[in-house]
Amino acid sequence: MDDQVFAGLKVWDMSWVGVGPLTSRYLADHGATVVRLDSSKRPDILRTAPPFQGGVPGLDNSMFYGDYNCNKLGLGLDLGSERGRDLARRLGLWADVLVESFTPGNLAKWGLDYANLAPDNPGLVMLSTCMQGQTGPRAHYPGFGNLMAAHAGFYAVTGWHDLTPVPVYGAYTDFIAQRFTTTALIAALDHRRRTGDGQYIDVSQFESAIQYLGTELLDYEVNGTVAERCGNDDRFAAPHGVYPCAGEDRWIAIAVGSDGAWAALKAAMGHPAWSADPALDGVRGRLAARRQLDERIAAWTAKQDARTLMYRLQPEVPAALVQNQSDLYQDPQLTYRGYFAELDHSVMGRVPYNGAQHLMSRTPAQYRKASPCIGEDSRTVLKECLGMDAQEIEALVEAGVVEAPARDPQRAAVEA
Amino acid sequence: MTSANQTGVPAAGALAPYRVLDLTCERGWLAGRMLADLGACVIKLEPPGGDPGRRRGPFFTDQVDPEHCLRWWFLNRGKQSVTCDLRAPAGRALFERLLTEVDLVLESFTPGELAGMGVEVEQVCERFPKLVWTSITPFGQTGPHAHFQGPDLIQVALGGSLHLTGDPERAPVRVAVPQADLHGSAEGAAASLIALYHAGRTGHGQRVDVASQLCVVRALMNATPFPRLEGRDLVRQGIWNETAGFRRRAVYACADGYLSLMLNGGVLGGHTVRALLAWAEETMEVPLQLLEADWTQLDFSEVIRNPAKAELFTNLSEFLVEFFLQHDKETLYLGALERRILLAPVNTVADIRADEQLRARGYFDAVDHGELGEVHYPGAWAKLSNTPLQNTPRAPRIGEHNQAVYGGLLGIEVAEMVDLADAGAL
């Protein structure tokens, strides 16, 4: 086994909420030293949002925050103070990579923007991520991926034709943007590895998200077609839907994308008389009859166990249990791949972190450290990254510039 | 987006030194496209007659033609195309020669399919130790579900997003535009670059195995830990949102369409509520209860502890229904921008194409399609100051680069090309 890919890479993560921290997590999972900014005066808002261990709100008890920040060092820093901003700048000169997601313009006010840092750190790769980009009339648009998912066209194509469009769960576009920011950032790091040159990267969540609607944007451009919500229908496949099963809110998804899959489904249903219609053996006939097919299939699935039925139908018929979150922990494929990483958090205890969605044969992602409480690693960071001595560090803690856990008096005496 | 340095020569992309062999079917196309955007030379290998994915609509002006497939156009822009029949021995020999020239292979075959064609990936990786081999599939290369069929609906069902989306009185519903493979492909691009970075430093290639089902799981935001931490499963709530333990409405009709709103109190959303109520007061009578509430104090923890406070959000949602119906989408969006309200229009692709911000940032690229004219594509998804994304040409025709790649890159003589074609390898 090789050393981790980014071992020795220094990352100063001044971002918050979703895209920035998710991007720096790729680097952290592959061995980089990632210092994550936080502050109890201006905590990452994810710390105020659920799930909380035991359902009890608390800044250090939120797994929403935790899940995005394992493998990172937590630095508690008051950016409202001159001395805090000075430390932030020193970390900007220490870092190979800086990630930030402030409202465009904020960092420049503090002298922490790329133009200010690059002359003293020319190899710096800096990533800014925000809703609509650093330039243009909407650069200052505030928001979250929930709203951006509406703005970027995803709500309009989700839901039933006769009802209001519905949200896609969560801050959906964050989970598109994070893969584009990560790809751009590592490409820039590779360029730096070869040339020594750093650079500045501006990613608009809007611009990266609509890459997932690119075909539909072209279809509008050349054919005037506006993609719309249509339940679970597919333009080219039928039957294609979600059908009720035995139990409360249990469902099976079935997507017949070929004549072969249709033949297999008919056989699995025991060749009911209605399915013998030869028109149904071709996709045009099935598309024309899709509503009747949905009714027939729903009647057939209604009393069956969804999981058992999935195993009966796959792989000949594309079918799947509609999994809730509890099901994910029982999914044998996720278990096989070791998807959830269990780590011991100092407040939440043993909790499951989402793992990498890729396996690598030589340099797998590794999970070394649970997410930090606010300021958990402040002393380590100031000592190891900025080379400060204990006296300097304690003075900063005393002055409230840096947040750090109360010290163990015995250890303090030894260090003194 | 072409950006030029001072000499007027367009700057090269970050991945300019890399060559990629792209064997993917439709579900993996985006990965190579992203790398081509970043300047890599991406050679798309198609079976003779063209990639089967070219035969799925929508098509340019609805003409069913493998050269008019819009998904092909969008997801293969900037690539070169060679034809090669991996099932034929002569084709596999050609493939072997291509492998000597590339840094990365991208593929998305159903596990086992390549072996069935006589391509043993383990052996390839042993013979080419610096090569990165990335596989993008619904469930991964091995494991109990690796052989499952995984079109989009199946992946979002097993990935957990279907369960969380849709109106509670009906079946769960998916995003009608397939998403799961795109997540897997974008993940494939990112993970390939991690491995290429390593290969560049150490000379060690490796295999990368992406499962797009897991990319769907990752997109569940904060939902997965709920059963473990709070002992409950989140359920779909239609146009409402009660994830945080209280109920507020997320989508509203307005005069000419729909909009979405993020109703929170506290630092996160207190200002939005106060600004909305002030706006509504210009034309409506606002209930006293809503005006008197101290929204800035009502952060999640406060609301979760206090059911009476939670009810305020339901009442607020109901009040706003009438306010939004008085205005159109444009007025509401511009008014919200001015007032710094967390509100977004529910845009369609038509709205996005006309968007002022995208225009100001030069997002859409004009791509020359010869006699078909110029077509505007969604363009640069990131702005890199030194190594800008490349304004690449249109997607290739079937085998358009056979001569350039087989002749130019591999140095194959014309006579041998004729033999290969006769043997059915091209």
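Everything numeric in this text was worked out from a predicted model, so none of it was measured. (Residues numbered from 1 in each chain as written. Chains lettered and ligands numbered in written order. Predicted model: local features only at pLDDT ≥ 70, side-chain atom pairs only at ≥ 80, totals over all residues.)

### Some remarks on the overall build of chain B
Step number 1: Assigned secondary structure in chain B consists of 18 helices and 14 strands.
Step number 2: Once the C-alpha set of chain B is aligned to its principal axes, its extents read approximately 85 × 50 × 45 Å.
Step number 3: Classification of the 426 residues of chain B by burial places 53% in the buried group.
Step number 4: Considering only residue pairs separated by 6 or more positions, chain B has 70% of its internal contacts joining residues 24 or more positions apart. (Helix = DSSP H or I, 4+ residues; strand = E, 2+ residues; numbered from the N terminus. Buried ≥ 20, exposed ≤ 12 C-beta atoms within 10 Å, placed from the backbone. Contact = placed C-beta atoms within 7 Å.)

### Things to note about the overall build of chain A
Step number 1: In terms of helices and strands, chain A carries 18 helices and 13 strands.
Step number 2: Projecting the C-alpha coordinates of chain A onto the three principal axes gives extents of approximately 85 × 50 × 40 Å.
Step number 3: The burial tally for chain A puts 59% of its 416 residues in the buried class.

### Examining the packing of helix H1 (residues 19–29) of chain A against helix H7 (residues 174–195) of chain A
Residue and element names in this part refer to chain A.
Step number 1: Contact geometry for H1 and H7: axes closest at 9 Å, N-to-C directions at 50°. Taken together, the axes of H1 and H7 are oblique relative to one another. Two packed elements cross with a definite hand, and for H1 against H7 that hand is right-handed. Contacts from Val19, Leu22, Thr23 and Tyr26 in H1 reach Asp174, Ala177, Gln178, Thr181, Thr182 and Leu185 in H7.
Step number 2: Looking at the contact of H1 with H7, its residues break down into five nonpolar, four polar and one charged. (Axes fitted to C-alpha atoms, helices over the stretch in contact; angles between N-to-C directions. Parallel < 35°, antiparallel > 145°, perpendicular 65-115°, else oblique. Left-handed = near helix turned anticlockwise from the far one by under 90°. Nonpolar A, V, L, I, M, F, W, Y, C, P; charged D, E, K, R; others polar.)

### Quick notes on the nonpolar core
A general trend in soluble globular proteins is that nonpolar side chains are found buried together.
Step number 1: The biggest cluster of nonpolar side chains holds 257 residues, and the ones touching the most others in it are Ile252 and Ala253 of chain A together with Val20 of chain B.
Step number 2: Top element by residues in this core is helix H7 (residues 180–202) of chain B. It accounts for 12 residues.
Step number 3: Non-local contacts of alanine 253 of chain A, meaning those with residues more than four positions away in its chain, are made with Val242, Ala319, Ala320 and Val322 of chain A together with Leu153, Ile154, Ala157 and Leu162 of chain B. (Core = buried A, V, L, I, M, F, W, Y, C linked by C-beta atoms within 7 Å.)

### Topic: the domain arrangement of chain A
Step number 1: As far as domains go, chain A holds domain 1 (10–152 + 172–211 + 338–410) and domain 2 (240–323).
Step number 2: Centre-to-centre separation of domain 1 of chain A and domain 2 of chain A, based on C-alpha positions: 46 Å. (Domains from an automatic or database assignment.)

### Overview of the sheet that holds strand S2 (residues 33–38) of chain A
Step number 1: On the basis of which strands lie adjacent, the open sheet formed by eight strands has the order S13(A)-S3(A)-S2(A)-S1(A)-S4(A)-S5(A)-S6(A)-S14(B) and mixed pairing. With one partner strand each, in any of the chains shown, strand S13 (402–403) of chain A together with strand S14 (383–384) of chain B form the two edges of the open sheet.
Step number 2: Relative to strand S3 (residues 73–77) of chain A, S2 of chain A runs parallel, the two being bridged by four bridges. By the bridge assignment, leucine 37 of chain A is partnered in S3 of chain A with leucine 75 of chain A. (Pairing = 2+ DSSP bridges.)

### With respect to the domain arrangement of chain B
Step number 1: Segmentation of chain B into domains returns domain 1 (19–219 + 359–422) and domain 2 (239–347).
Step number 2: Taking only C-alpha atoms, the centre of domain 1 of chain B and the centre of domain 2 of chain B are 43 Å apart.

### What about helix H9 (residues 214–223) of chain A?
Step number 1: The element H9 of chain A is largely enclosed, with a buried count of seven among its 10 residues.
Step number 2: Three or more residues of H9 of chain A are buried, namely Gly214, Thr215, Glu216, Leu217, Leu218, Asp219 and Val222 of chain A.
Step number 3: Taken together, the buried residues of H9 of chain A touch helix H2 (70–76), helix H15 (349–353) and strand S13 (374–378) of chain B.
Step number 4: Looking at the residues trailing H9 of chain A, positive phi occurs at glycine 224 of chain A, about 75°.

### A word on the confidence of the model for chain B
All names here are of chain B.
Step number 1: The share of residues in chain B with pLDDT of 70 or more is 98%, and the mean pLDDT across the chain is 94.
Step number 2: Note that residues 1–5 has pLDDT below 50 and, in this model, 16 contacts with residues that lie over four places away or in other chains.
Step number 3: Of the two predicted TM-score estimates for the complex, the pTM is 0.97 and the ipTM is 0.97. (pLDDT = per-residue confidence, 0-100.)

### With respect to the interface of chain A and chain B
Step number 1: At the interface, 130 residues of chain A touch 129 residues of chain B.
Step number 2: With 13 residues, the single largest contributor to the side of chain A that touches chain B is H7 of chain A.
Step number 3: The residue inventory of the side of chain A that touches chain B, partitioned by class, reads 71 nonpolar, 41 polar and 18 charged.
Step number 4: Looking at chain direction, strand S6 (residues 199–204) of chain A and S14 of chain B are connected through two bridges and run antiparallel.

### What about the sheet that holds strand S8 (residues 251–255) of chain A?
Residues and elements named next belong to chain A.
Step number 1: Across the sheet, which stays open at both edges, the three strands sit in the order S7-S8-S9 with antiparallel pairing between neighbours. In this open sheet, the two edge strands, each paired with only one partner strand, are strand S7 (240–244) and strand S9 (319–321). Adjacent strand axes in the sheet meet at a mean angle of 20°, parallel and antiparallel pairs treated alike.
Step number 2: Relative to S9, S8 runs antiparallel, the two sharing three bridges. Across the sheet, isoleucine 254 pairs through a bridge with alanine 319, a residue of S9.
Step number 3: Those strands touched by helix H13 (residues 306–313) are S8 and S9, and its axis lies near 155° from that of S9.

### Notes on the environment of phenylalanine 364 of chain B
Residue and element names in this part refer to chain B.
Step number 1: The topology assignment puts phenylalanine 364 in strand S12 (residues 364–368).
Step number 2: For phenylalanine 364, a count of 20 C-beta atoms within 10 Å puts it in the buried group.
Step number 3: Separated by 151 residues in sequence, phenylalanine 364 and glutamine 213 place their C-alpha atoms 30 Å apart.
Step number 4: Residue contacts for phenylalanine 364: discarding those within four places in its chain leaves Leu358, His376, Tyr377, Pro378 and Gly379.

### Considering the environment of valine 267 of chain B
Step number 1: Following the sequence through the fold, valine 267 of chain B ends up in helix H10 (residues 266–281).
Step number 2: The class for valine 267 of chain B is partly exposed, based on 14 C-beta atoms found within 10 Å.

### Thoughts on unusual backbone geometry
Step number 1: The step from glutamine 314 of chain A to proline 315 of chain A runs through a cis peptide bond, and the omega angle for that step is -5°.
Step number 2: Assignment of secondary structure puts proline 315 of chain A in the loop between H13 and S9.
Step number 3: In this structure, the amide linkage connecting glycine 57 of chain B to the following residue, proline 58 of chain B, adopts the cis form with an omega of 0°.
Step number 4: Position of proline 58 of chain B relative to the elements: it lies in the loop between strand S2 (41–46) and H2.
Step number 5: Of note in this structure, histidine 271 of chain A is not a glycine but carries a positive phi near 50°.
Step number 6: Structurally, the position occupied by histidine 271 of chain A is in the loop between helix H10 (259–268) and helix H11 (283–288).

### Examining H13 of chain A
Step number 1: Three or more residues of H13 of chain A are buried, namely Ala306, Leu309, Met310 and Leu313 of chain A. For H13 of chain A, the buried positions fall inside an angular range of 105° around the axis, keeping them on one side. (Arc of directions from axis to C-beta.)

### Notes on the pairing of strand S10 (residues 341–345) of chain A
All names here are of chain A.
Step number 1: Judged from the five bridges that link them, S10 and strand S11 (residues 349–353) form a sheet pairing that is antiparallel. In the strand pairing of S11, histidine 345 is matched with glycine 349.
Step number 2: In sequence, S10 turns back onto S11 through a hairpin of three residues.

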